Amino acid sequence: MTQHQIQSLTLTRPDDWHLHLRDGAMLQAVLPETARDFGRAIIMPNLVPPVVTGAQAAAYRDRILAALPEGMVFEPLMTLYLTEDTDPADVAAAHASGLVKAVKLYPAGATTNSSSGVSNFDNVRPVLEKMAEIGLPLCTHGEVTDHDIDIFDREAVFIDRVLDPIRRATPGLRVVMEHITTKNAADYVASQDQDLGATITTHHLIINRNHILVGGIKPHYYCLPVAKREEHRLALRAAATSGDARYFLGTDSAPHVDAAKESGCGCAGCFTATNTMPLLAHVFEEEGKLENLEKFASQNGPAFYRLPENPDQITLVKSESATQFPAKIASDDGPVTLFDPGYPIYWSVA
Ligand code: DOR
Ligand code: ZN
């Protein structure tokens, strides 16, 4: 059977290794969109105020579970937001209790709610050393924030100036380069050992920077790191569909209400929780690599995080007519626009 004849694909239930759920009314609105298809997700800690301590992560986890609709099964995998005041002992205790699965590094000012992040990387050395010792992964928002560095170059410069020096100085530190957007990042991951992994979003496999800017500015395609040139999108597609264990799905699904996106100073973030799996099936089919979708979405992530794969499965089906996704998800804070790939998708989750 050729790939184009495959009409149905059953795979181990996927996980999302990078997700923004927010809090309050937004959490209530978006959580079911993820829990419907995904077993677990690494939950980003960039709330206002951020989730810095183990106690704050425990309380946030309780709010997530309380927002989960009855009958849905979902495990939030909690993270701590790294600040220059983070206490290594608190991190170690939160990890030892099983609560926290990663620590998130935001360079201060790099993106949404990152003002409490790190400016001087020397000040977090004791935390990083503790993490290397206990095997707790560091998730990185890999962009420098220097004003003289072009926004399209900020990821590549981060690798040279920040990431590679941190990894050399901290042997054994396990790092996930989150939401990689460049060939530079994909190549760097490929050149390193198994202590380095990378998440790739759904939208960065679909859009390049032209989609944001040609024919009028498209605020719902604006995210950080911003989508790059086509050659980078193609490199990400090759990496994601390769089956290589170091690349796995992290949607970075990041809901903002329309009023915050469609603004004179629009927020960064694409909301993809609802349609990610059908979009990925489309992308992997286009690349002739449907057989590797399960590795990317369901197997490589648990292997990196040293967790078991989900015990159950989902089935993706392809039909003759295009799948109708909602244009927006309603929340009590306002509507959230769903990422639109710009072409019809024939896959859906059964
Ligand atoms: O586009 C993004 N949105 N990138 C990030 O790094 C943060 C996220 C958010 O929290 O909205
Ligand atoms: Zn994110």
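Residues numbered from 1 in each chain as written. Chains lettered and ligands numbered in written order. Predicted model: local features only at pLDDT ≥ 70, side-chain atom pairs only at ≥ 80, totals over all residues. Heavy atoms only, no water.

Student: For the coordination of the zinc ion (ligand 2), give the residues involved together with the corresponding values.
Tutor: Coordination of the zinc ion (ligand 2) by the protein involves His18 (NE2), His20 (NE2) and Asp252 (OD), with metal-donor separations of 2.0 Å. Motif for the zinc ion (ligand 2), donor spacing along one chain: H-x1-H-x231-D. One end of the pair, histidine 18, is in strand E2 (residues 16-19); the other, aspartate 252, is in the loop between strand E9 (247-249) and helix H9 (258-261), and 234 residues separate them in sequence. Accessibility assignment for this pair places histidine 18 and aspartate 252 in one class, buried. (Donors = N, O, S within 2.8 Å, 3.2 Å for Na, K, Ca; no water. Helix = DSSP H or I, 4+ residues; strand = E, 2+ residues; numbered from the N terminus. Buried < 20%, exposed > 50% of the residue type's maximum accessible area, 1.4 Å probe, protein only.)

Student: Just give me the short version of the packing of helix H3 (residues 88-96) against helix H4 (residues 125-134), but keep the residues and values in it.
Tutor: At a minimum axis separation of 9 Å, H3 and H4 run at an interaxial angle of 30 degrees. Here H3 lies roughly parallel to H4, going by the angle between them. Regarding H3 and H4, the two cross each other, and that crossing is right-handed. Here Pro88, Val91, Ala92 and His95 of H3 come into contact with H4, specifically with Pro126, Val127, Lys130, Met131 and Ile134. (Axes fitted to C-alpha atoms, helices over the stretch in contact; angles between N-to-C directions. Parallel < 35°, antiparallel > 145°, perpendicular 65-115°, else oblique. Left-handed = near helix turned anticlockwise from the far one by under 90°. Contact = heavy atoms within 4.5 Å.)

Student: Provide a residue-level description of the sheet that holds strand E1 (residues 8-12), including the pertinent values.
Tutor: Spatial ordering of the open sheet is given by E1-E10-E13, a layout of three strands whose pairing is antiparallel. Two strands bound the open sheet, and with one partner strand each, they are E1 and strand E13 (347-349). Across the sheet, the axes of successive neighbouring strands diverge by a mean angle of 25 degrees, strand direction being ignored. Bridge count between strand E10 (residues 313-318) and E13: three bridges; the pairing is antiparallel. The partner of lysine 318 across the bridge, within E13, is tryptophan 347. Against the sheet, helix H10 (residues 276-286) engages E1, E10 and E13, with an angle of about 140 degrees to E13. Those strands touched by helix H11 (residues 293-305) are E1 and E10, and its axis lies near 25 degrees from that of E1. (Pairing = 2+ DSSP bridges.)

Student: Describe unusual backbone geometry, listing the residues and the values that go with them.
Tutor: Of note, the bond from valine 48 into proline 49 is cis; its omega dihedral lies within 30 degrees of zero at -5 degrees. Structurally, proline 49 is set in the loop between strand E3 (40-43) and helix H2 (54-67). Despite not being glycine, arginine 22 has its phi angle at roughly 60 degrees, a positive value. Relative to the elements of secondary structure, arginine 22 occurs in the loop between E2 and helix H1 (24-35).

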